[in-house]
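# Understanding the architecture of this molecule
Each chain, letter by letter, is given below.
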Amino acid sequence: DTGVSQNPRHKITKRGQNVTFRCDPISEHNRLYWYRQTLGQGPEFLTYFQNEAQLEKSRLLSDRFSAERPKGSFSTLEIQRTEQGDSAMYLCASSPKARLTDTQYFGPGTRLTVL
Amino acid sequence: SQQGEEDPQALSIQEGENATMNCSYKTSINNLQWYRQNSGRGLVHLILIRSNEREKHSGRLRVTLDTSKKSSSLLITASRAADTASYFCATDRSGANSKLTFGKGITLSVRP
């Protein structure tokens, strides 16, 4: 399978715990995006990387959130001291080198439930 | 914040009928994309239309773009039960580093 993969697919955690999600983009895609989607809403942009550089972060990304893409391939999104409001689907997408007509390819998402 | 607004919010049709979904947005765009999402799953890219294009076709899909009205429509012809899903329009705004801004989505139900 050469699509975007995300792990784990589901995560249930207790409030206050830390969680980490992983995204493996399509090979050779140098742009990687993280989005968050809550129930009944469309995805909202969190952050994106071009290769290993994190070029933009949304104000939605509080200081409890951190994302890395250390070698310009896979990326991790960590949430520290989780809160119930963090419960959502976390989606990763990748695209090839930026042009005006780049499609973003999404992974299946990681659904986080904070109890 | 979400830029796009789709309408209607929900649509229920009979198999074989056509489904038309509309999207409006607020700022200049590089392109507009439509995605489908089955319940609890990731997003599947359907079609992309550039800001200098007015109409595009892909199989049973037809999308139009009117940049003067800042609106787009997605037409699914000869709908099937398998088309039941949520549909989102997403805009790639000019100067926005290709990040996508999504609407809240349209829930389409196709009755067999």
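Residues numbered from 1 in each chain as written. Chains lettered and ligands numbered in written order. Predicted model: local features only at pLDDT ≥ 70, side-chain atom pairs only at ≥ 80, totals over all residues. Heavy atoms only, no water.

Residues and elements named next belong to chain A. Spatially, four strands are ordered β1-β3-β8-β7 in an open sheet, and the strand pairing comes out antiparallel. Across the chains shown, the open sheet's two edge strands, defined by having one partner strand only, are β1 (5-7) and β7 (65-68). Averaged over all neighbouring strand pairs, the angle between strand axes comes to 15°, with direction disregarded. With five bridges connecting them, strand β3 (residues 19-24) and strand β8 (residues 75-79) associate as antiparallel partners. When the bridges of β8 are listed, Val19 appears paired with Ile79. (Pairing = 2+ DSSP bridges. Helix = DSSP H or I, 4+ residues; strand = E, 2+ residues; numbered from the N terminus. Axes fitted to C-alpha atoms, helices over the stretch in contact; angles between N-to-C directions.)

Attention now goes to the confidence of the model for chain B. The share of residues in chain B with pLDDT of 70 or more is 94%, and the mean pLDDT across the chain is 91. Least confident of the elements in chain B is strand β1 (residues 5-7) of chain B, whose mean pLDDT is 80; most confident is strand β7 (residues 61-66) of chain B, at 98. (pLDDT = per-residue confidence, 0-100.)

Looking now at the state of the cysteines. All names here are of chain A. For the structure shown, the criterion picks out two disulfides over all chains. Between the sulfur of Cys23 and that of Cys92 lies a disulfide, 1.8 Å long from S to S. Between Cys23 and Cys92 the disulfide shows an S-S torsion of about -65°. By sign, it is left-handed. With Cys23 in strand β3 and Cys92 in strand β9 (residues 88-95), the pair connects residues that are 69 residues apart, well separated along the chain. Neither residue differs from the other here; Cys23 and Cys92 are each classed as buried. (Disulfide = S-S within 2.5 Å. Buried < 20%, exposed > 50% of the residue type's maximum accessible area, 1.4 Å probe, protein only.)

Contacts between the two partners involve 24 residues from chain B and, on the opposite side, 26 residues from chain A. When chain B packs against chain A, the two sides together hide about 1900 Å² of surface, and 49% of this comes from carbon and sulfur. Counting the surface chain B buries against chain A, the share from its top three residues, Leu43, Asn97 and Lys99 of chain B, is 26%. Put simply, chain B and chain A have one salt bridge between them. Between Glu56 of chain A and Lys99 of chain B there is a salt bridge, with the nearest N and O atoms lying 2.5 Å from each other. The tally of links from chain B across to chain A stands at four residue pairs in polar contact (both at pLDDT 80 or more). Counting residues per element, the ones that place at least two in the side of chain B that touches chain A are β4 (29-37), β5 (43-50), β9 (85-93) and β10 (100-102) of chain B. Examining the composition of the side of chain B that touches chain A, we find that five residues originate from one element, β4 of chain B, more than from any other. Counted by class, the side of chain B that touches chain A contains seven nonpolar, twelve polar and five charged residues. (Contact = heavy atoms within 4.5 Å. Buried area = accessible area lost by both parts, 1.4 Å probe. Salt bridge = Lys/Arg side-chain N within 4 Å of Asp/Glu carboxyl O. Polar contact = N/O pair within 3.5 Å; in protein donor to acceptor, adjacent residues only side chain to side chain. Nonpolar A, V, L, I, M, F, W, Y, C, P; charged D, E, K, R; others polar.)

In this structure, the amide linkage connecting Asn7 of chain A to the following residue, Pro8 of chain A, adopts the cis form with an omega of -10°. Structurally, Pro8 of chain A is set in the loop between β1 and β2 (10-13). The residue after Asp7 of chain B, namely Pro8 of chain B, is reached through a cis peptide bond having omega 0°. Its location among the elements puts Pro8 of chain B in the loop between β1 and β2 (10-14).

This next bit is on the sheet that holds strand β8 (residues 71-76) of chain B. All names here are of chain B. Read from one edge to the other, the open sheet built from five strands follows the order β1-β3-β8-β7-β6, with strand pairing classed as antiparallel. Of all the strands in the sheet, the pair left with one neighbour each is β1 and β6 (55-58). Pairwise comparison of adjacent strand axes, ignoring direction, gives a mean angle of 15° for this sheet. With six bridges connecting them, strand β3 (residues 19-24) and β8 associate as antiparallel partners. Looking at β8, one finds that Asn22 is bridged to Ser73.

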